[in-house]
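Coordinate inspection notes
The lines below spell out each chain.
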Amino acid sequence: MKRRLLAVAAVLMSAAAGTVAIGTPALGAASVTINGSTGYQKIDGFGFSEFFGRSSIMNGSQGLSAQKQKEILDLLLSRSTGAGLSILRLGIASGAGSIQPTNPGGPNATPRYVWDGDDDGQVWLAQQAKAYGVTRFYADAWSAPGYMKTNGSDTNGGTLCGLSGASCASGDWRRAYANYLVQFTKFYAQEGITITDLGFTNEPNWTTDYSSMRLTPAQAVEFIKIFGPIARAAGLKSVCCDVVGWDGQKNYTNAIEADSTARGLVDLHTGHSYGSYPSTRLATSKPTWMSEWSPDGTTWNEAWDDGSGYDGYRVANEIHTALTGGNVNGYVYWYGASTGTTRGFIQMNGDSYRVSKRLWAMANYSRYIRPGATRIATSSSDSNLRMSAFRNTDGSVILVGLNAAASSNQVSFSLQNTGVSGGTATPYLTNGSNSMTAQAALGVSNGSFTATVPARSLVTYVVRGNGTTTRYEAETAPAVCTGTIDTNWPGFSGTGFCNGDNATGAYAQFTVNAASAGTARLVVRFANGTTTARAADLMVNGTRVQSVSFEGTGAWSTWVSKTLTVNVNQGSNTIRLNPTSASGLANLDYVEVAPA
């Protein structure tokens, strides 16, 4: 949706009151217990959108230079300097810029699809996001084209022809619309982007003067029964329904869950946070996303905590509530970057830009809570300390604390059933003076550590154990595969493997973490179905350290491991395997890192 003010004063007042209240400062040290034996939802990721021309602006249509474009992309997508966002929501146009702007002659006529390879800059942005390691692309339609609807326009509501209560002289457009949506994903595939999730409606309970289409819960269920099998046959996850408010989404989710056929066809339930927020779960066992929100406001705001209701603190509190109350698997903000009085993360203006603390509120969650992480149990003796905890697939434990008090708080953390007894906890601080700023690492001993959380501040603790082996899958960002992530040879770990291009320099790269500097054991799992060894340079933090030979394994489905010894720095390190011949690399499954 485009930005709009919700003209419900009571809702705005209650939202602001619920997110900026300051509790009584704690009188003594607080205690926080993390219990890894109790798990909640799996995290799919955190994301943003640049629909309605914002992608084009980011790509320079209003004067943004290539250097500034790169800086904005880094702020949104980099896992080392930015937010490390992992989901991109793409809009499916319904007007003149759509893939079928004119009626082909009826719902049963041969489609007349068109494709410009750009899609108002969204293709460029998707390709950039993919280069940063994004693999989750959600495409969503605000409306069907006007000729498919009861009102003859893609704007101002109207309903899809052929649904119950929506009879049209032009015929039944339900199946044609489903095919139209799937065709959009095929065009993106031509550009190297695999759309993973596909939605057919956005805010179906809201009529606007831009792209919009009304659907009742019953009509959504009806269309799912046509759309779902077509989307599934194309390898896509079906999504519904991106309703304006979370409470409204409950009505659509309940209708889907009440119908056994629709329930089995919907893979992901999505709702927005305008007017009502995800403080409670949707009644489904399927994944759920808060798929669009930014706070209402009238000016551009860079503040962390000014009481406006659209500062960074507000955003941090809403993310915390969605994760811990709504139990959402994904959190997708509205605009990453826009113009004027945007409540996005970044304000673009010609060849300049400015950054809001809202970005860093998101980054404290999104940079280190990675796709595949599991939220685990936390309890706090201080209600002002809003804690959440997550265990990543690499074994790291991520703690995020938002201190709502007007005073700093000394906190004793106890890590129970997390597999971490000793190691380090590195804090990253966001407040009025800091933006995801790394602090001195704290020692973890006997599964505990103590830290001070500053007043009205957001802190992320990245906890890594000593002496543990950590696995980094080739298909999981921020790993980079110069080639494709494939699944055609069995025996791999995770959800795929890196099939590198057959070319010199077609590298694979892993970003790994070490609790301390020194010698580490590096295990590389690979398969080489040829009889000729494939050589590569092993690069650590940009420096070549040795040559590695990946011998033939007899078959592409035969996976073996090679153990190497390397020197690493404390914290983040890059491990790159750079092939030295035109044959490229062997297929790579993962690397594991442990102290030597």
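A brief report on the enclosed structure follows. (Residues numbered from 1 in each chain as written. Predicted model: local features only at pLDDT ≥ 70, side-chain atom pairs only at ≥ 80, totals over all residues. Heavy atoms only, no water.)

So, the pairing of strand E7 (residues 268-272)
For a regular strand, the rule is simple: side chains alternate between the two faces of the sheet. Buried residues dominate E7, accounting for five of its five residues. Of the two faces of E7, the one holding Leu-268, Thr-270 and His-272 and the one holding His-269 and Gly-271 are both buried throughout. By the bridge criterion, four bridges tie strand E6 (residues 237-243) to E7 in an arrangement that is parallel. Opposite Cys-240, over in E7, you have His-269 as the bridge partner. Two elements, E7 and strand E8 (residues 288-292), share four bridges in a ladder whose sense is parallel. Across the sheet, residue His-272 finds its bridge partner in E8, namely Glu-292. (Buried < 20%, exposed > 50% of the residue type's maximum accessible area, 1.4 Å probe, protein only. Helix = DSSP H or I, 4+ residues; strand = E, 2+ residues; numbered from the N terminus. Pairing = 2+ DSSP bridges.)

Looking at the nonpolar core
Counting 112 residues, the largest nonpolar core has Phe-46, Leu-76 and Tyr-177 as the members making the most contacts within it. Those residues in contact with Tyr-177 that sit more than four places away from it in its chain are Ala-141, Ser-143, Ala-144, Pro-145, Met-148, Leu-160, Phe-200, Met-213 and Phe-223. Counting 28 residues, the second largest nonpolar core, distinct from the first, contains Tyr-472, Phe-550, Ile-575 and Val-593. (Core = buried A, V, L, I, M, F, W, Y, C linked by side-chain atoms within 4.5 Å. Contact = heavy atoms within 4.5 Å.)

Notes on helix H2 (residues 54-61)
Three or four residues apart is the spacing at which side chains of an α-helix point the same way, because the helix has 3.6 residues per turn. What H2 keeps buried is the set Arg-54, Ser-55, Ser-56, Ile-57 and Met-58. Taken together, the buried residues of H2 touch helix H3 (66-77), helix H4 (122-131), strand E9 (330-335), strand E10 (337-338) and strand E11 (346-349). Phi turns positive, to about 105°, at Gly-63, one or two residues after H2.

Things to note about the pattern of salt bridges
Scanning the entire structure with this criterion turns up 19 salt bridges. The salt bridge involving Arg-89 is made with Asp-242; its shortest N-O contact spans 3.5 Å. Taken together, the residues span a long stretch of sequence, with Arg-89 in strand E3 (residues 87-92) and Asp-242 in strand E6 at a distance of 153 residues. Under the relative-accessibility criterion, Arg-89 is labelled buried at 1%. Shared partners join several salt bridges into a network, and the residues in it are Arg-89, Asp-140, Asp-242 and Glu-292. (Salt bridge = Lys/Arg side-chain N within 4 Å of Asp/Glu carboxyl O.)

Observations regarding the state of the cysteines
Per the counting criterion, the structure on display carries three disulfides. The residue that forms a disulfide with Cys-161 is Cys-168, at a sulfur-sulfur distance of 2.1 Å. Disulfide Cys-161-Cys-168: the torsion about the S-S bond is -80°, which places it as left-handed. Numbered in order of appearance, the disulfide-bonded cysteines of the protein chain are paired 1-2, 3-4, 5-6. (Disulfide = S-S within 2.5 Å.)

Considering the packing of aromatic side chains
Within this structure, the stated rule accounts for 27 aromatic pairs. One aromatic cluster in this structure is built from Phe-51, Phe-52, Trp-142, Tyr-210, Trp-334 and Tyr-335. Just above the ring of Tyr-590 sits the side chain of Arg-471; from NZ or CZ to the centre is 3.9 Å. Over the face of the ring belonging to Tyr-507 we find Arg-576, whose NZ or CZ atom lies 3.6 Å from the ring centre. (Phe/Tyr/Trp six-rings, centres within 6.5 Å; stacked < 30°, edge-to-face > 60°. Lys NZ or Arg CZ within 6 Å of the ring centre and 35° of its normal.)

Some details on the sheet that holds strand E26 (residues 508-514)
The strand order across the open sheet formed by five strands is E23-E26-E31-E28-E29, and the pairing between neighbours is antiparallel. Single-partner strands in this sheet number two, and they are strand E23 (480-481) and strand E29 (543-550). By the bridge criterion, five bridges tie strand E28 (residues 534-540) to strand E31 (residues 571-579) in an arrangement that is antiparallel. Looking at E31, one finds that Ala-536 is bridged to Pro-579.

What to know about the packing of helix H5 (residues 174-190) against helix H6 (residues 217-233)
A pair of packed helices can be characterised by two numbers: the angle between their axes and the separation between those axes. One can describe the packing of H5 onto H6 by two numbers: an axis separation of 9 Å at closest approach and a directional angle of 40°. When the axes of H5 and H6 are compared, the pair comes out oblique. Handedness of the H5/H6 crossing: right-handed. Only Glu-222, Phe-223, Ile-226, Phe-227, Ile-230 and Ala-231 of H6 make contact with H5, whose side of the interface consists of Arg-174, Arg-175, Tyr-177, Ala-178, Asn-179, Leu-181 and Val-182. Here the residues of the contact of H5 with H6 are counted per class, giving nine nonpolar, one polar and three charged. (Axes fitted to C-alpha atoms, helices over the stretch in contact; angles between N-to-C directions. Parallel < 35°, antiparallel > 145°, perpendicular 65-115°, else oblique. Left-handed = near helix turned anticlockwise from the far one by under 90°. Nonpolar A, V, L, I, M, F, W, Y, C, P; charged D, E, K, R; others polar.)

Notes on the packing of H2 against H4
In the contact formed by H2 and H4, the axes pass within 8 Å of each other and the chain directions differ by 75°. Considered as vectors, H2 and H4 are oriented roughly perpendicular to each other. On H4, the residues that touch Ser-55, Met-58 and Asn-59 of H2 are Gln-122, Trp-124 and Leu-125. Across the contact of H2 with H4, the residue classes tally to three nonpolar, three polar and no charged.

Describing empty space enclosed by the protein
Under the definition given, this model contains one cavity of 30 Å³ or more. Volume-wise, the largest cavity comes out at about 40 Å³. If you trace the largest cavity, you find it lined by Leu-77, Arg-79, Gly-84, Leu-85, Ser-86, Tyr-132, Gly-133, Val-134, Arg-370, Ala-477 and Pro-478. When its residues are assigned to classes, the lining of the largest cavity shows six nonpolar, three polar and two charged. (1 Å grid on protein atoms, 1.4 Å probe; cavity = no way out; pocket = protein on both sides within 12 Å on 5 of 7 lines; lining within 4 Å. Points joined across faces, edges and corners; volume = space filled by probe spheres on them.)

Notes on the pairing of strand E21 (residues 458-465)
Most of E21 is tucked away: eight of the eight residues are buried. Burial along E21 is two-sided: Leu-458, Thr-460, Val-462 and Arg-464 and Val-459, Tyr-461, Val-463 and Gly-465, pointing in opposite directions, are all buried. Bridge analysis of strand E15 (residues 397-403) against E21 gives six bridges, and the strand direction is antiparallel. Along E21, the bridge assignment pairs Val-400 with Thr-460. Bridging between strand E17 (residues 423-430) and E21 involves eight bridges; their strand directions are antiparallel.

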